[in-house]
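A closer look at the structure
Here are the chains, one letter per residue:
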Amino acid sequence: MIEKNVLLESAKAAFDWVEKNQLKKNNDANCGRFVYARRVADNFTDLSTNWTTGFGSMAMLSAYKITNEKRYLDSALKGVDYLKSLQIMDATVPRLCGAIREVMPQTNWLHPRDALSAAWTFLAVGKELKDETLILRASLFADWMIEHAFMGDWPICTVALSEGGTATDDLLGSFHSGGILFFLDMYKETGEIKYYSTAHRMAEFYINNFIDEDGEITVLFDSIGNNPDVHNEKKWPLDWQMMHKVNDDFGGIALVEAYKVFKNEEYLKRCSAYFKKLCEYENGDGSYLQPEVETGSATASIFLQKYLTIAHDDEKPAIQKLLDRSLEHLLKLQLKRSDEQLNGAIYGMDDSCKYGNREWVNLRITAYAIFAMLEESDASIFPIKF
């Protein structure tokens, strides 16, 4: 097992990369956004969108919580301010009020799963800082999503925000599974039964359609039959689909929490199956898949930490061993450079979600790694602790 001080030192290096790679000038329209992906060879960059700005902000508040350094708090709040600029607060247009735009205030569309992560940031930061206005913003989004972004019991992939806009496709994606946890968090914070029931119907849909009894995740689901090319790898790249099998968008920890709340033994069985599937995907050294999807070492670590809290005793030693290997490999993915644009960052996929091949660092895995490294310190604000 890796010593906590080793994890903390790596986390601190990651803190600094996230903080130093944020746009901070108040006269810049991008103020508050982070570098999402940076190509190691030439420092080509791509900036964060709604969800990655959110996770960068949660990582920064976690950094502040454990170090008490104000620059991290300032960074988190700048990120949150950018997210505020993306949320539509015009009550005269009920169809849009509460929605969170994808990239910038002019963007006329959103992926509900991405926008949900921005709202999750409002909830997490609001709870941590006791800011009721941020919790209200999270509620406004949650209500908008339930009303305008579901097709039956599962959210749609994309919503157009232009006049008369509707879903741009009718495919459903496994990556919405983390929404189960978001709505459970909303329920715990507000006591609103609508969030409880939304989480429950999503959890049922997830085990019936996306994660099978063997722990295999089907990333795209065609519920109507309008998409005969749903498995066309040119349209839906294999890199992206394989990434979502090990970077499960927190579906695993959502099922852990759903099991605690709803007491459905099937959720526990699917968690166990997913653990076994991760063992199949693992290469024996804490890395996942061939070619490697680096973010798997971070997201698997978070899932394994949470799954340990409900797993049967006979499974726990194997879970702990896989967790240790995953964290150890995660540390090996971290760059140690004199260049502050790279030092502390962690290798990941490129700016288009293609295999990184050690050519890119990105915010997705670096933020997730921070949460994994800080989990045992109780400093991580994600997943939200109630």
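These lines cover the structure that appears in this document, whether it is placed above or below. Only a predicted model underlies this, so the values are computations on that prediction, with no experimental measurement involved. Throughout, a residue's number is its position along its own chain's written sequence, starting from 1. Only residues with pLDDT of at least 70 are given local features in this predicted model, and only at 80 or more are side-chain atom pairs given and counted; all residues enter the totals for whole chains, interfaces and linings. The basis for every side-chain value is the complete set of non-hydrogen atoms in the structure, without hydrogens or water.

Oppositely charged side chains can form a pair if their charged atoms are brought close together. We define a salt bridge as a side-chain nitrogen of Lys or Arg found within 4 Å of a carboxyl oxygen belonging to Asp or Glu. Inspection of the entire model under this criterion finds 24 salt bridges. A salt bridge links Lys84 to Asp81, with the nearest nitrogen and oxygen atoms 3.7 Å apart. Linking Lys84 with Asp81, this pair stays in helix H3 (residues 70-86), spanning 3 residues, or about one helical turn. Residue Asp81 is classed as partly exposed on the basis of its relative accessible area, which comes to 45%. The salt bridge partner of Glu294 is Arg358, with a shortest N-O separation of 3.4 Å. Here Glu294, found in the loop between helix H10 (265-281) and helix H11 (295-307), pairs with Arg358, found in the loop between helix H12 (316-332) and strand S9 (360-362); they are 64 residues apart in sequence, far enough to count as distant. Each residue is placed in one exposure class: buried if its accessible area under a 1.4 Å probe, protein chains only, is under 20% of its type's maximum, exposed if it is over 50%, and partly exposed if it falls in between. By relative accessible area, which is 36% here, Arg358 ends up partly exposed. Three or more residues joined by partner-sharing salt bridges are found here, namely Asp16, Glu19, Lys24, Glu69 and Arg71. Numbering of helices and strands starts at the N terminus; helices are DSSP runs of H or I of at least 4 residues and strands are runs of E of at least 2.

Two rings belonging to Phe, Tyr or Trp (six-membered ring only in the last case) form a pair when the distance between their centres is within 6.5 Å. Interplanar angles under 30 degrees mark stacking, angles over 60 mark edge-to-face geometry, and anything in between is tilted. Under the criterion given, the structure shown has 29 aromatic pairs. On the basis of an interplanar angle of 70° and a centroid distance of 5.0 Å, the ring pair of Tyr196 and Phe262 is categorised as edge-to-face. With Tyr196 in helix H7 (residues 193-209) and Phe262 in helix H9 (residues 251-262), this residue pair connects regions lying 66 residues apart in the sequence. Owing to a relative accessible area of 15%, Phe262 belongs among the buried residues under this scheme. Ring pairs connect the aromatic residues Trp51, Phe55, Trp120, Phe150, Phe182, Phe183, Tyr195, Phe250, Tyr368, Phe371 and Phe382, which therefore count as one cluster. Geometrically, a lysine NZ or arginine CZ counts as sitting over a ring once it is within 6 Å of the ring centre and also within 35 degrees of the ring normal. Stacked on the ring of Phe150, the Lys or Arg Arg201 has its end atom at 4.7 Å from the ring centre.

Moving on, we get to the nonpolar core. Core analysis: the biggest nonpolar cluster contains 139 residues, and Phe183, Phe303 and Tyr307 have the highest contact counts within it. In terms of residue count, helix H13 (residues 363-374) provides more of this core than any other element does, 10 residues in total. Among residues more than four places away in sequence, those in contact with Tyr307 are Val256, Leu268, Cys271, Ser272, Phe275, Glu315 and Ile319. Among buried residues, those of type Ala, Val, Leu, Ile, Met, Phe, Trp, Tyr and Cys that are joined through side-chain atoms within 4.5 Å constitute a nonpolar core. It only takes one pair of heavy atoms within 4.5 Å for two residues to be counted as in contact.

A few words now on the side chain of Arg38. Considering the arrangement of structural elements, one finds Arg38 in strand S1 (residues 35-39). Of the side chains bearing the opposite charge, Asp339 lies closest to the buried Arg38, which forms no salt bridge; the N-O distance is 6.6 Å. A polar contact of 2.6 Å, which involves the side chain of Arg38, links it to the side chain of Asn21. Excluding residues within four positions of it along the chain, Arg38 makes contact with Asn21, Asn43, Phe44, Thr45, Gln341, Leu342, Glu359, Trp360 and Val361. We count Lys and Arg on the positive side and Asp and Glu on the negative side, and we leave His and both chain ends out. We call two N or O atoms a polar contact when they sit within 3.5 Å, provided that within protein one can donate a hydrogen and the other can accept it, with sequence-adjacent residues counted only if both atoms are side-chain atoms.

If you add up the space inside the largest pocket, you get close to 670 Å³. Only protein atoms enter the calculation, which uses a 1 Å grid: trapped sets of points that fit a 1.4 Å probe without letting it out are cavities, open sets showing protein on both sides within 12 Å along at least five of seven lines are pockets, and any residue with an atom within 4 Å of a point is a lining residue. Lining the largest pocket are 29 residues; nearest its centre among them are Trp51, Glu102, His111, Asp114 and Trp240. Mapped by element, the contributors of at least two residues to the lining of the largest pocket are strand S2 (45-47), helix H2 (50-67), helix H4 (112-129), helix H8 (238-246) and H13. Considering only residue class, the lining of the largest pocket consists of 13 nonpolar, 8 polar and 8 charged. Grid points are joined across faces, edges and corners, and a volume is the space filled by probe spheres set on the points. Of the volumes computed, that of the second largest pocket is approximately 240 Å³. Every residue lining the second largest pocket is counted, 14 residues in all, and those nearest its centre are Glu257, Lys260, Lys306, Ile384 and Lys385. Elements with a contribution of two residues or more to the lining of the second largest pocket: helix H6 (178-190) and H9. Here the term charged refers only to Asp, Glu, Lys and Arg, the term nonpolar to Ala, Val, Leu, Ile, Met, Phe, Trp, Tyr, Cys and Pro, and the term polar to all other amino acids, Gly among them.

Note on pairing: two strands pair once DSSP finds at least 2 bridges between them. Spatially, the 3 strands line up as an open sheet ordered S2-S1-S9, and their pairing is antiparallel. Two strands in the sheet have a free side with no partner beyond their single neighbour: S2 and S9. On average, each strand axis in the sheet is tilted by 10° relative to the strand beside it, whichever way the strands run. In this description, a line fitted to the C-alpha atoms serves as the axis of each element, helices being fitted only across the stretch in contact, and the angle between N-to-C directions of two axes falls anywhere from 0 to 180 degrees. Contacting S1 and S9, H13 crosses the sheet at an angle of about 50° to S9.

Further remarks concern the environment of Ala115. Tracing the backbone shows Ala115 in helix H4. Here Ala115 falls in the buried class, since its relative accessible area comes to 0%. C-alpha of Ala115 to C-alpha of Glu102: the two residues are 13 residues apart in sequence and 6.6 Å apart in space. With residues up to four places along the chain from it excluded, the contact list for Ala115 reads Asn50, Ile100, Leu110 and Phe141.

Before going further, it helps to examine the pairing of S1. The element S1 is largely enclosed, with a buried count of 4 among its 5 residues. As judged from the 3 bridges shared by S1 and S2, these two strands associate in the antiparallel manner. Within S2, the residue paired with Arg38 across the bridge is Thr45. Between S1 and the antiparallel strand that follows it, S2, lie 5 residues; Asn43 among them carries a positive phi value of about 65°.

Time to look at the state of the cysteines. The definition used for a disulfide is geometric: two cysteine sulfur atoms within 2.5 Å. The tally for this structure, following the rule as stated, stands at 0 disulfides. Not part of a disulfide, Cys279 finds its nearest cysteine sulfur in Cys271, a span of 14 Å. Judged by its relative accessible area of 33%, Cys279 falls in the partly exposed class.

Once that is clear, we can look at the environment of Ala254. Structurally, Ala254 can be placed in helix H9. Beyond its immediate sequence surroundings of up to four residues, Ala254 is in contact with Ser177, Ile180 and Leu181.

The values reported here are purely geometric and, on their own, carry no functional implication.
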